[in-house]
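What the coordinates show
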Amino acid sequence: MPDTSHFNTYDSGSFRQFCGPAQVHKDLNKLYGLIVGIQADGHINDNEIGLLRA
């Protein structure tokens, strides 16, 4: 099995200026989906609670 540990530390985070807005958009869409799902069935399950905490 190849050593892939360098993938965990190679990035300085400089890319975040380019993908930050997209990540916020993705997170807001995920939150919106959770809210719509909770509203649809009127129940919050353990999976939804975990996603909300994350």
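These notes cover the structure that comes with them. (Residues numbered from 1 in each chain as written. Predicted model: local features only at pLDDT ≥ 70, side-chain atom pairs only at ≥ 80, totals over all residues. Heavy atoms only, no water.)

Right, let's talk about the overall build of the protein for a bit. Of the regular secondary structure elements, the protein holds two helices and zero strands. Across the 54 residues of the protein, 6% fall into the buried class. (Helix = DSSP H or I, 4+ residues; strand = E, 2+ residues; numbered from the N terminus. Buried < 20%, exposed > 50% of the residue type's maximum accessible area, 1.4 Å probe, protein only.)

Structurally, Glu-48 can be placed in helix H2 (residues 46–53). Although buried, Glu-48 forms no salt bridge, and the nearest oppositely charged side chain, Arg-53, lies 12 Å from it. (Lys, Arg positive; Asp, Glu negative; His and termini not counted. Salt bridge = Lys/Arg side-chain N within 4 Å of Asp/Glu carboxyl O.)

A contiguous nonpolar patch, built from Val-24, Leu-28, Leu-31, Ile-35, Ile-44, Ile-49 and Leu-52 and spanning about 590 Å² of accessible area, is present on the exposed surface. Counting residues per element, the ones that place at least two in the nonpolar patch are helix H1 (16–41) and H2. Looking at which element gives the most residues to the nonpolar patch, the answer is H1, with four residues. Mapped onto the secondary structure, Ile-49 falls in helix H2. By relative accessible area, Ile-49 is classed as partly exposed at 31%. (Patch = residues over 30% accessible without salt bridge, like charges linked within 9 Å, V, L, I, M, F, W, Y side chains within 5 Å. Areas by Shrake-Rupley, 256 points an atom, 1.4 Å probe, with all protein chains shown as cover.)

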